[in-house]
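Per-entry structural report
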Amino acid sequence: MDNRIYKIKDSVDLFLNDNIFLTAYFMNTRKRKTFKVNNVLVKLLEQLDGERNITQLSEYMVKEYDVAFEDVLASIEHLNSSGIITEKVQDHLINETTRTRYNRQINYFSEFFDDEKQAEIAQQKLIDAKVLIFGSGAIGGNIAIQLAMAGVTHFTLFDYDKVEPSDIARHLYFSYATVGMYKVEALKNYLNKINPKIIVDTVNQALYPEADIEELVKGKSFVVNTLDEPYIGYTSAKISRICVKYDIPHFIGGGFDAHLASTGELVIPHITPCADCYVTHFTESLKGWKPKKHPVKNRSDQIGGLASMSLFSSSYATMEIIKTITNIVDMRKDYKVRGELMFKDFSLNYLTVKKDPNCAVCGKDATL
Ligand SMILES: [Zn+2]
């Protein structure tokens, strides 16, 4: 008895032309494949109910349509290798309540794998991930919220600041009721509204140059830096160097005053450029560029922006983080460097920064 059960993927639309050509349209990737099909395959697709196992299905096909047993098996194999059908998970990794909550997301993940079980494994990776987020502002907070919605249940939040009235215009999760609260506490409460099972550790302090954060970083699955005080370059270098040392993927988002819809930077140690590689890139590209500062006075010290821009940046970052944690996309091959969304025409422009082979942090002869 072959107990495997197959079903047509929820994300695949099928169209049959003249009973000869089958077109499969993969909704999640927008790919389209057209096959020449025979009668056995057409009938098989009609009978794939996600209930009967391979033996039961094959016996039915042999009896009803007088087809060869081997042809049925070959057709199942063909449909499976084409990504149209998937083996149904019978011994679930994730319990029913959790599956129901993340059902659509698991379906989406399954598009990227040969079988549905891999999608559950990807979901479980999110549930098990331990994420440390520096900064509970517009970027860090919205990344935390989206990761919580996606299933992450272990967070460490690091921020010294308190919620101010002006924060309400820029953050989804702060309200008049939270003004005066520490941001990490207000954000923690919000995450627990999304999922009461979420465990949040809070570190209520500023990131000083001499602060020892190594113990905090060690053992985390992913680290996010959105601390732009005193300067995003300093905090990123400090955090990125420790993450590279412990081989922890991290994301640098925030500090976007000068470029409000930046995508941020995904850093996978020894694969992508690290924070120091970016510094080298900018030092090189700005070489010889020493303009005299124009003596303009009385300018506002806060550059304007829209909450939607920080939501774009945090959503972009969250998708990159989810891809990296779940491995649904091989980010070691398909990573992007920092880019910027132009508000005016919605063009998304990426830098040409490359990993520096001589980088003191991530290069072959690293010294830091
Ligand atoms: Zn580097």
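Residues numbered from 1 in each chain as written. Predicted model: local features only at pLDDT ≥ 70, side-chain atom pairs only at ≥ 80, totals over all residues. Heavy atoms only, no water.

**Overview of the domain arrangement of the protein chain**
Put simply, the rule is: As used throughout, domain bounds are those supplied by an automatic or database domain assignment.
Assigned domains of the protein chain: these are domain 1 (6-87) and domain 2 (129-350). If you average the C-alpha positions of domain 1 and of domain 2, the two centres end up 45 Å apart.

**Points about the sheet that holds strand E2 (residues 12-17)**
For clarity, the threshold we go by: Between any two strands, pairing holds if DSSP finds at least two bridges. Comment: elements are numbered from the N terminus, with helices defined as DSSP H or I runs of at least four residues and strands as E runs of at least two. Axes here mean lines fitted to C-alpha atoms, for a helix over just the part in contact, with angles spanning 0 to 180 degrees between N-to-C directions.
Spatially, E2-E3-E4 is the arrangement adopted by the three strands of the open sheet, whose pairing is antiparallel. Two strands close off the open sheet at either side, each with one partner strand: E2 and strand E4 (31-36). This sheet shows a mean twist of 20° between the axes of neighbouring strands, independent of strand direction. The pairing of strand E3 (residues 21-26) with E4 spans six bridges and is classified as antiparallel. Residue pairing in the sheet places Tyr 25 in a bridge with Arg 32 of E4.

**Thoughts on the coordination of the zinc ion**
Threshold: Here the term donor refers to an N, O or S atom within 2.8 Å of the metal (or 3.2 Å for Na, K and Ca), and because water is left out of the atoms, sites may appear incomplete. Geometry is assigned from donor-metal-donor angles: four donors are tetrahedral when every angle falls between 85 and 135 degrees, four are square planar and six octahedral when opposite donors sit over 155 degrees apart with all other angles between 65 and 115, and any other arrangement is irregular.
With distances of 2.2 to 2.3 Å, the protein atoms coordinating the zinc ion are Cys 274 (SG), Cys 277 (SG), Cys 359 (SG) and Cys 362 (SG). Every donor counted, the four donor atoms about the zinc ion form angles of 98 to 118° at the centre, which fits tetrahedral coordination.

**Some remarks on empty space enclosed by the protein**
Test applied: A cavity here means a set of points on a 1 Å grid, drawn over the protein atoms and nothing else, where a 1.4 Å probe fits but cannot get out; a pocket is an open set with protein on both sides within 12 Å along at least five of seven lines, and a residue lines either one if it has an atom within 4 Å of a point. Grid points are joined across faces, edges and corners, and a volume is the space filled by probe spheres set on the points. Amino acid classes used here: Ala, Val, Leu, Ile, Met, Phe, Trp, Tyr, Cys and Pro are nonpolar; Asp, Glu, Lys and Arg are charged; the rest, including Gly, are polar.
All told, the structure shown has one cavity of 30 Å³ or more when counted by the stated rule. What lines the largest cavity is Phe 251, Thr 263, Gly 264, Glu 265, Leu 266, Tyr 316, Glu 320, Lys 336 and Val 337. Among the secondary structure elements, those contributing two or more residues to the lining of the largest cavity are strand E11 (265-267) and helix H12 (307-326). Among the residues forming the lining of the largest cavity, the class breakdown is four nonpolar, two polar and three charged.

**Focus: the pattern of salt bridges**
Using the following cut-off: We define a salt bridge as a side-chain nitrogen of Lys or Arg found within 4 Å of a carboxyl oxygen belonging to Asp or Glu. Three labels apply to residues, based on accessible area from a 1.4 Å probe with only protein chains included: buried if under 20% of the type maximum, exposed if over 50%, partly exposed otherwise in between.
By the definition in use, this model includes 13 salt bridges. Two residues, Asp 276 and Arg 241, come together in a salt bridge whose shortest N-O distance is 2.8 Å. Here Arg 241 lies in helix H10 (residues 232-245) and Asp 276 lies in helix H11 (residues 275-285), a separation of 35 residues in the sequence. We classify Asp 276 as buried; its relative accessible area is 13%. Between Glu 265 and Arg 338 there is a salt bridge, and its shortest N-O distance comes to 2.5 Å.

**Some points on the packing of aromatic side chains**
The geometry of an aromatic ring pair is captured by the separation of the ring centres together with the interplanar angle, meaning the angle of the planes. Quick reminder of the rule: For Phe, Tyr and Trp, where Trp contributes only its six-membered ring, two rings pair if their centres lie within 6.5 Å, and the inter-plane angle classes them as stacked under 30 degrees, edge-to-face over 60, or tilted in between. Counted as over-ring charges are cases with an Arg CZ or a Lys NZ within 6 Å of the ring centre that also lie within 35 degrees of the ring normal.
Overall, the coordinates contain six aromatic pairs when judged by the stated rule. Plain terms: the ring middles of Tyr 60 and Tyr 65 are 6.4 Å apart, the flat faces sit at 75° to each other, and that makes the pair edge-to-face. You can call Tyr 60 partly exposed: its relative accessible area is 29%. Take Tyr 65: its relative accessible area is 27%, and that puts it in the partly exposed class. Above the face of the Tyr 60 ring, Arg 52 is positioned so that its terminal group lies 4.9 Å from the ring centre. When the ring centre of Tyr 350 is taken as reference, the NZ or CZ atom of Lys 336 above it lies at 5.2 Å.

**Observations concerning a nonpolar patch on the surface**
Definition in use: Only residues above 30% relative accessible area that lack a salt bridge enter a patch, with like-charged residues linked at up to 9 Å and the nonpolar side chains Val, Leu, Ile, Met, Phe, Trp and Tyr linked at up to 5 Å. The Shrake-Rupley method, run with a 1.4 Å probe sphere, supplies the accessible areas, and residue values consider only the shown protein chains as cover.
Side chains of Val 62, Phe 69 and Leu 73 sit close together on the surface and give an oily, nonpolar patch of about 210 Å² of accessible area. Along the chain, Phe 69 turns up in helix H3 (residues 69-81). In this structure Phe 69 comes out as partly exposed when scored by relative accessible area, which is 35%.

**Quick word on the side chain of Thr 318**
Rules: Should any heavy atoms of two residues lie within 4.5 Å, those residues are considered in contact.
Among the secondary structure elements, Thr 318 is positioned in helix H12. Residue Thr 318 is classed as buried on the basis of its relative accessible area, which comes to 3%. With near-sequence residues (within four places) excluded, Thr 318 lies in contact with Asn 142, Ile 143, Gln 146 and Leu 147.

**A short note on the nonpolar core**
Here is the rule we go by: Here, nonpolar core refers to any group of buried Ala, Val, Leu, Ile, Met, Phe, Trp, Tyr and Cys residues whose side-chain atoms link them within 4.5 Å.
One finds Val 131, Phe 155, Leu 157 and Leu 191 to be the most contacted residues of the largest nonpolar core, which totals 42 residues. Secondary structure elements with two or more residues in this core: helix H5 (103-110), helix H6 (116-128), strand E6 (130-134), helix H7 (138-150), strand E7 (154-158), helix H8 (183-194), strand E9 (222-225) and H12. Among the elements that make up this core, the one with the highest residue count is H7 (seven residues). Setting aside chain neighbours within four positions, we find Val 131 in contact with Leu 147, Val 152, His 154, Phe 155, Thr 156, Phe 222, Val 224 and Ile 325.

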